[in-house]
Amino acid sequence: MEIERIGVVGAGTMGHGIAQVAAQAGFDTRLCDVNEDLVGAGLDRIRANLDKGVELGKLAAEDREAALGRISTTTDLGELSAAIDLVIEAVPESLELKRATFERIESHCPPGTMLATNTSSLSIAVIAAALSDPGRLVGMHFFNPVHVMRLIEIVRHEGTRSEFVDLAVGVGERMGKTPIVVNDVPGFASSRLGVVLGLEAMRMLEQGVASAQDIDTAMELGYRHPMGPLKLTDLVGLDVRLAIARYLHEELESEAFRPPEILERLVDEGHLGKKAGRGFYEW
Ligand code: NAD
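J.: A description of helix 9 (residues 212-222) should follow, citing residues and the corresponding values.
T.: Each turn of an α-helix holds 3.6 residues, which means side chains three or four residues apart point in the same direction. Along helix 9, the residues classified as buried are Ala212, Ile215, Asp216, Met219 and Glu220. Projection of helix 9 onto a plane perpendicular to its axis shows the buried side chains occupying an angular sector of 130°, all on one side. Pointing more than 90 degrees away from the buried face of helix 9 are the exposed residues Leu221 and Gly222. Looking at the buried side of helix 9, the elements it contacts are helix 8 (190-206) and helix 10 (229-236).

Next up, the structure:
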């Protein structure tokens, strides 16, 4: 089986970026959202990203045109599903919504169509259980912003057919990403490791080991992280991190993921990070 046509469901933060890298990689790409305004907004964001690429000299003007020429849009999920080799779902992080969306996709697509979800935390197996052929679902976890971040986590649940894991790796590589293959465990590889580092940094701050800036500098200069764990938490949002920590604490039954008091307190006080003007830093 060859993947040539990719359908992206959801044209938001992640979906527009996935459609962009798919089109730039030469895939015939179809982007879908629930109404024309949303799908149009996704396309505008793709245009803006590509324009910026041309402006910075990273992209030739003809490549911008070629990529845009490969993208079409629709608000009809059935139509999208019927004529596509791979559907990548990027709707909001709700188990019910994802399961319902895949049920609809599967009712329209041919038996050979490969399905992927961009979930950042939900169980792939539980989403797949909504399908009559769960073996065709794989996790393709992209990172934000999709056109910049090079990692893609390919997540296989126990029933995922190995041909689809191989195809997902190939598609990721063709999009210019570096794929890693991970089993379907809470937090996959990236969130599990990234979150535990951030939580330990918070505990160190609580214990007065060093200032937020100095803890971050330790990782930036000592370990060549592009950004320290506390600054990164400010960018992601303290509320988002707290929700993930609670989920991983419960699922993995590990004290390493128990949310630190300082995180609970800052969230209670509304200091949610950069978006709120204050988190571990003032912004
Ligand atoms: P978002 O809210 O920006 O976009 C979701 C889009 O899906 C919206 O435009 C919405 O209208 C659309 N949608 C909802 N139901 C639909 C349907 N039935 N058919 C078509 N479109 C539909 O969300 P996002 O941040 O792009 O997140 C999408 C997924 O990616 C989530 O599972 C999230 O966990 C995951 N993710 C997000 C990030 C991030 O940094 N934002 C990073 C990695 C993974």
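J.: Lay out the sheet that holds strand 6 (residues 137-141) in plain terms, naming residues and giving numbers.
T.: Sheet architecture is open: eight strands sit in the order 3-2-1-4-5-6-7-8, paired in mixed fashion. Each end of this open sheet is capped by a strand with a single partner; those strands are strand 3 (71-74) and strand 8 (178-183). On average, each strand axis in the sheet is inclined to that of its neighbour by 25°, with strand direction left out of account. The sheet contacts of helix 1 (residues 13-24) involve strand 1 (5-9), strand 2 (28-32), strand 3 and strand 4 (86-89), and relative to strand 2 the element is tilted by about 170°.

J.: Describe the packing of helix 2 (residues 36-55) against helix 3 (residues 61-69), naming the residues involved and giving the relevant values.
T.: Relative to each other, helix 2 and helix 3 sit at 165°, their axes nearing to 9 Å. If you check the angle between helix 2 and helix 3, you find them roughly antiparallel. You can see that helix 2 and helix 3 cross each other, and the crossing is right-handed. Across the interface between the two elements, Ile46, Arg47, Leu50, Asp51 and Val54 of helix 2 pack against Ala61, Arg64, Ala67 and Leu68 of helix 3. Here the residues of the contact of helix 2 with helix 3 are counted per class, giving six nonpolar, no polar and three charged.

J.: Tell me about the side chain of Thr117, residues and numbers included.
T.: Checked against the element boundaries, Thr117 lands in strand 5 (residues 114-117). Not counting residues up to four positions away in its chain, the partners in contact with Thr117 are Glu89, Lys98, Phe102, Ile124, Ile127, Leu137, Val138, Gly139, Met140 and His141.

J.: Describe the layout of surface pockets, with residues and values.
T.: By volume, the largest pocket amounts to about 1500 Å³. Lining the largest pocket are 42 residues, with His141, Phe143, Asn144, Val236 and Arg241 sitting closest to its centre. Here the lining of the largest pocket gets seven residues from one element, more than from any other, and that element is helix 8. For the lining of the largest pocket, the two domains that each supply at least three residues are domain 1 (5-183) and domain 2 (190-276). Quantified by volume, the second largest pocket comes out at close to 500 Å³. Among the secondary structure elements, those contributing two or more residues to the lining of the second largest pocket are helix 1 and helix 2. If you tally residues by element for the lining of the second largest pocket, the top one is helix 2, at five residues. In the lining of the second largest pocket, the residues fall into eight nonpolar, six polar and four charged.

J.: Account for the packing of helix 11 (residues 238-252) against helix 12 (residues 261-268), naming residues and giving values.
T.: One way to put it is that helix 11 packs onto helix 12 with a least axis distance of 10 Å and a crossing angle of 135°. Judged by the inter-axis angle, helix 11 sits oblique to helix 12. Considering only the axes of helix 11 and helix 12, their crossing is left-handed. Contacts between helix 11 and helix 12 involve Leu238, Asp239, Leu242 and Arg246 from the first element and Leu263, Glu264, Leu266 and Val267 from the second. Looking at side-chain class alone, the contact of helix 11 with helix 12 contains five nonpolar, no polar and three charged residues.

J.: Tell me what's going on with the site of the ligand, and back it up with residues and numbers.
T.: Around the ligand, the structure places 20 residues, and the nearest of them are Met14, Asp33, Glu93, Lys98 and Ser120. At 2.8 Å from an oxygen atom of the ligand is found a main-chain nitrogen or oxygen belonging to Met14. Between the ligand and Asp33 there is a distance of 2.7 Å, counted from an oxygen atom to a side-chain nitrogen or oxygen. Burial of the ligand by the protein amounts to 76% of the accessible area it has alone, namely 830 Å². One can see that the ligand is located within the largest pocket.

J.: Would you mind going over unusual backbone geometry in detail, with residue names and values included?
T.: Of note, the bond from Asn144 into Pro145 is cis; its omega dihedral lies within 30 degrees of zero at -5°. Among the secondary structure elements, Pro145 is positioned in the loop between strand 6 and strand 7 (151-156). With a phi angle near 45°, Phe188 is a residue other than glycine that sits in the positive phi range. Positive phi outside glycine occurs at Arg224, with the angle close to 60°. You can see Arg224 is positioned in the loop between helix 9 and helix 10. Under the relative-accessibility criterion, Arg224 is labelled exposed at 76%.

Thresholds, definitions, all that
Residues numbered from 1 in each chain as written. Predicted model: local features only at pLDDT ≥ 70, side-chain atom pairs only at ≥ 80, totals over all residues. Heavy atoms only, no water. Buried < 20%, exposed > 50% of the residue type's maximum accessible area, 1.4 Å probe, protein only. Helix = DSSP H or I, 4+ residues; strand = E, 2+ residues; numbered from the N terminus. Arc of directions from axis to C-beta. Contact = heavy atoms within 4.5 Å. Pairing = 2+ DSSP bridges. Axes fitted to C-alpha atoms, helices over the stretch in contact; angles between N-to-C directions. Parallel < 35°, antiparallel > 145°, perpendicular 65-115°, else oblique. Left-handed = near helix turned anticlockwise from the far one by under 90°. Nonpolar A, V, L, I, M, F, W, Y, C, P; charged D, E, K, R; others polar. 1 Å grid on protein atoms, 1.4 Å probe; cavity = no way out; pocket = protein on both sides within 12 Å on 5 of 7 lines; lining within 4 Å. Points joined across faces, edges and corners; volume = space filled by probe spheres on them. Domains from an automatic or database assignment. Near = heavy atom within 4 Å. Polar contact = N/O pair within 3.5 Å; in protein donor to acceptor, adjacent residues only side chain to side chain. Areas by Shrake-Rupley, 256 points an atom, 1.4 Å probe, with all protein chains shown as cover. Sits in = over half its atoms within 2 Å of the grid points.

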